[in-house]
Amino acid sequence: MTTTRHPRDTSAVRHRPSCRCRGGVALDMGSARTRVWMADRGLLADVPTVAFPGTGAVYPIQRGTILDPPACARMLERLLGHRLPRLIRPLVVVTTPVLDGIAYRTAARTAIEALRPRSVLTVPSARAVAVAAGADLSRPLLVIDIGAHVTEVVLLSDGAVIDARRTALGTSDLDTTPCAHISEAVVTMVTAMLRQDRTTLTVDALHTDVLLAGGGALRPEIIYHLTGRLRAPLRIVPAPHTAAVRGAAQLLHAAHAHPSNSGF
């Protein structure tokens, strides 16, 4: 099932005063994998999104929704609790899905409290991907992010989210779903954007910069079907499966460089 909404702007939101301390953490918590980037250490973890409360494995994020914040907190504590200096409260930048962003941000902040953050900044995953790709944020961009359980198509203009679509399909479904179905879902979402866009932004983005990210960008069969059906030039983001956390890491660096900035 495809979910459609039209957010006007879900750019990074500051929830606490900016942190002037050194170091920090960039997080990308997906349904299948959680990736952690630490300042001065690089990509520190790329692990399954799973917690172990003592009664077996728990998967706290499903189809892009945090269902169990306490389990997420335990996972983050296991991954980072022993790596963060006790006397320094870190700045944390976390990526969030565009749709259901408010609910996700609320649950993510609850989980991140386990890290004793001094400041938490959120950024839409699509914008983080664009930053990692070195894209020109002043121009219209179309970001296609094919994850393990969710695929998002997001239209950006001046770095702000103009339109976004999502379908609960991803690479984890390929055992039972032909890859062509994922490509068709993307085309359907883009077509809906074109029909409802009263400007030329979607058309301009299709003609200038379409970014493909997520684990699906590593699947040649998906790229083949999507290129044929979309009929637009695709730019595969380097290391597409880690693009979101790398973009968040760049924004983490920018936040330290400009601590008084209220957004990215």
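Look a little higher up for the structure.
In this report, we go over the structure that sits alongside the text. (Residues numbered from 1 in each chain as written. Predicted model: local features only at pLDDT ≥ 70, side-chain atom pairs only at ≥ 80, totals over all residues. Heavy atoms only, no water.)

1. A word on unusual backbone geometry
We note that Arg63 has phi near 50 degrees; this positive angle belongs to a residue other than glycine. Mapped onto the secondary structure, Arg63 falls in the loop between strand E6 (61–62) and strand E7 (65–66). Look at Arg63 and you get partly exposed, because its relative accessible area is 33%. The backbone of Arg231 shows a phi angle near 55 degrees, a positive value even though the residue is not glycine. Note that Arg231 resides in the loop between helix H6 (220–230) and strand E14 (234–236). (Helix = DSSP H or I, 4+ residues; strand = E, 2+ residues; numbered from the N terminus. Buried < 20%, exposed > 50% of the residue type's maximum accessible area, 1.4 Å probe, protein only.)

2. As for the pairing of strand E11 (residues 151–157)
Burial of E11 is extensive: seven of the seven residues sit out of reach of the surface. The sheet contact formed by strand E10 (residues 141–146) and E11 spans six bridges and is antiparallel. By the bridge assignment for E11, Val143 is matched with Val154. In this antiparallel pair of consecutive strands, E10 and E11, the connection spans four residues. Where E11 and strand E12 (residues 160–167) come together, seven bridges link them in antiparallel fashion. Bridging across to E12, Thr151 finds its partner in Thr167. Hairpin connection of E11 to E12: two residues between the antiparallel strands, including Asp158 at a positive phi of 55 degrees. (Pairing = 2+ DSSP bridges.)

3. Examining the pattern of salt bridges
Taken as a whole, this structure holds seven salt bridges when the rule is applied. A salt bridge links Arg165 to Asp163; the shortest N-O distance between them is 2.9 Å. No difference in accessibility class separates Arg165 from Asp163, as the two residues are buried. When the shortest N-O distance is used, the salt bridge between Glu184 and Arg229 registers 2.4 Å. One end of the pair, Glu184, is in helix H4 (residues 179–196); the other, Arg229, is in helix H6, and 45 residues separate them in sequence. By relative accessible area, which is 31% here, Glu184 ends up partly exposed. Here Arg229 falls in the partly exposed class, since its relative accessible area comes to 40%. Ionic contacts of the salt-bridge type, sharing partners, join the residues Arg33, Arg35 and Asp46 into one network. (Salt bridge = Lys/Arg side-chain N within 4 Å of Asp/Glu carboxyl O.)

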